[in-house]
Amino acid sequence: MTLECKHVWGRISEYLDQQLDPKLLADIEKHLENCEVCSAILDSTRNILVLTADSRTFELPVGYSERLHARLEKAIRESANPKNDSA
Ligand SMILES: [Zn+2]
């Protein structure tokens, strides 16, 4: 099967939680090796997860992780629609 970027993005949280079945995991890792966009998104997602995990320990202001999450979703949406109108 051909894995597209949007398929990878839809699986990133499962990927990071290691909840993918082995075949899909292999397909995604193969895609990540060849796709700069997806590896970049994976890296940022992982960083944000680390940050938000830490935030639970440090009691950041209410809404902090929500804003991070919103920013991540926005970045993913914009990558998914490169020709979006930025107006
Ligand atoms: Zn990709």
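Thresholds, definitions, all that
Residues numbered from 1 in each chain as written. Predicted model: local features only at pLDDT ≥ 70, side-chain atom pairs only at ≥ 80, totals over all residues. Helix = DSSP H or I, 4+ residues; strand = E, 2+ residues; numbered from the N terminus. Contact = placed C-beta atoms within 7 Å. Buried ≥ 20, exposed ≤ 12 C-beta atoms within 10 Å, placed from the backbone. pLDDT = per-residue confidence, 0-100. Core = buried A, V, L, I, M, F, W, Y, C linked by C-beta atoms within 7 Å.

In terms of helices and strands, the protein chain carries 5 helices and 0 strands. Beginning at the N terminus, the succession of helices and strands in the protein chain can be written as α-α-α-α-α. At a minimum sequence separation of 6, the contacts of the protein chain that also span at least 24 residues come to 56%.

To continue, consider the environment of histidine 7. Following the sequence through the fold, histidine 7 ends up in helix H1 (residues 5-10). Look at histidine 7 and you get partly exposed, because 15 C-beta atoms sit within 10 Å. Spatially, the C-alpha atoms of histidine 7 and isoleucine 28 are 8.7 Å apart, while their sequence positions differ by 21 residues.

Further remarks concern unusual backbone geometry. With a phi angle near 55°, glutamine 18 is a residue other than glycine that sits in the positive phi range. By the secondary structure assignment, glutamine 18 is in the loop between helix H2 (12-16) and helix H3 (22-34).

Time to look at the environment of threonine 45. Tracing the backbone through its elements, the reader meets threonine 45 in helix H4 (residues 36-58). Residue classification places threonine 45 among the partly exposed residues on the basis of 18 C-beta atoms within 10 Å. In the structure, threonine 45 is positioned 33 residues away from isoleucine 12 in sequence and 8.0 Å away in space, judged by C-alpha atoms. In this view, threonine 45 contacts Ile12, Leu16 and Leu72; residues no more than four positions away in its chain are not counted.

Taken over all residues, the pLDDT of the protein chain has a mean of 81, while the share at 70 or more is 77%. Here H4 is the element of the protein chain with the lowest mean pLDDT, 78, and H3 is the one with the highest, 95.

For the rest of this paragraph, the subject is the nonpolar core. Membership of the largest hydrophobic core is limited to 6 residues, which are Val8, Ile12, Tyr15, Ile28, Cys38 and Ile41. Breaking this core down by element, the ones donating at least two residues are H2 and H4. Not counting residues within four places of it along the chain, the set of residues in contact with tyrosine 15 comprises Leu20 and Ile28.

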